[in-house]
Amino acid sequence: MSDVSADLRIFPNKEMFSVDMAAVLDAAILKDGIIQGCAISITNGVLSIAAGRIVVGGRMAVVTAGDVPIPTLSSQQTCTLVAVCDLRTSGNPFYISIVDAAGLQTLNSAKSTGDGFNVEGTLDYVSLGTVVVNPSTGAVSNWTPNADAATAHKGKDVYQELLNKITEVQTALNDKTTWKL
């Protein structure tokens, strides 16, 4: 076995690669999802997303505002709006899509687990919420956001939420006078 070595990436005349930055962001950001902008709305049966930024597994995508196409379905169903980072493809590996239950299962089967994401040939995604898609009218309705991912969160917001939850749990524990095991 050879001796261990290390290469400093943030240093004069060194280069920080995208995988390095993604690893740093993944370690620093507590939740995947929208970090800026990206308001999601329905107008006249069309699901739209505003410009902004989304992080999935440390990979940040800049979103250009637009309408989200509906999937081809045979009947009305509740579908999931996802932001996908698919490093199995070259080109542009980040996209936003509405998927039905089968599409969501396909994503779940391909999703990298543990520390396996952020290298070539991997996929991760975040669920932004659900909508009802009616293929006969081509319209969507009943947007239900996933609060953890579809609301813009920055570090201080996430940390404050965690502190609030810890305080709630501590208060509940202090209120207990009898413990049953």
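Preceding this paragraph is the structure being described.
No experiment lies behind these values; they were computed from the predicted model shown.

Caption draft 1: The arrangement of the side chain of Ser48 in detail. Along the chain, Ser48 turns up in strand β3 (residues 46-49). A distance of 2.6 Å separates a polar atom in the side chain of Ser48 from a polar atom in the side chain of Asp67. Excluding residues within four positions of it along the chain, Ser48 makes contact with Ala39, Ile40, Ser41, Gly66 and Asp67.

Caption draft 2: Broad picture of the environment of Ser136. Its location among the elements puts Ser136 in the loop between β9 (123-134) and β10 (139-145). The exposure class of Ser136 is exposed, given its relative accessible area of 67%. It is 61 Å that separates the C-alpha atoms of Ser136 and Ser5, two residues lying 131 residues apart in sequence. A distance of 2.6 Å separates the side chain of Ser136 from the side chain of Asn134, its partner in a polar contact.

Caption draft 3: Broad picture of the packing of aromatic side chains. For the structure shown, the criterion picks out zero aromatic pairs. Taking NZ or CZ as reference, Lys111 lies 4.9 Å from the ring centre of Tyr125, over its face.

Caption draft 4: Looking closely at the sheet that holds β3. Strand order in this open sheet of three strands is β2-β3-β6, and the pairing throughout is antiparallel. Unpaired on one side and paired on the other, β2 (40-43) and β6 (66-67) mark the two borders of the sheet. As judged from the two bridges shared by β3 and β6, these two strands associate in the antiparallel manner. Note that in β6 the partner of Ile49 across the bridge is Gly66.

Thresholds, definitions, all that
- Residues numbered from 1 in each chain as written.
- Predicted model: local features only at pLDDT ≥ 70, side-chain atom pairs only at ≥ 80, totals over all residues.
- Heavy atoms only, no water.
- Helix = DSSP H or I, 4+ residues; strand = E, 2+ residues; numbered from the N terminus.
- Polar contact = N/O pair within 3.5 Å; in protein donor to acceptor, adjacent residues only side chain to side chain.
- Contact = heavy atoms within 4.5 Å.
- Buried < 20%, exposed > 50% of the residue type's maximum accessible area, 1.4 Å probe, protein only.
- Phe/Tyr/Trp six-rings, centres within 6.5 Å; stacked < 30°, edge-to-face > 60°.
- Lys NZ or Arg CZ within 6 Å of the ring centre and 35° of its normal.
- Pairing = 2+ DSSP bridges.

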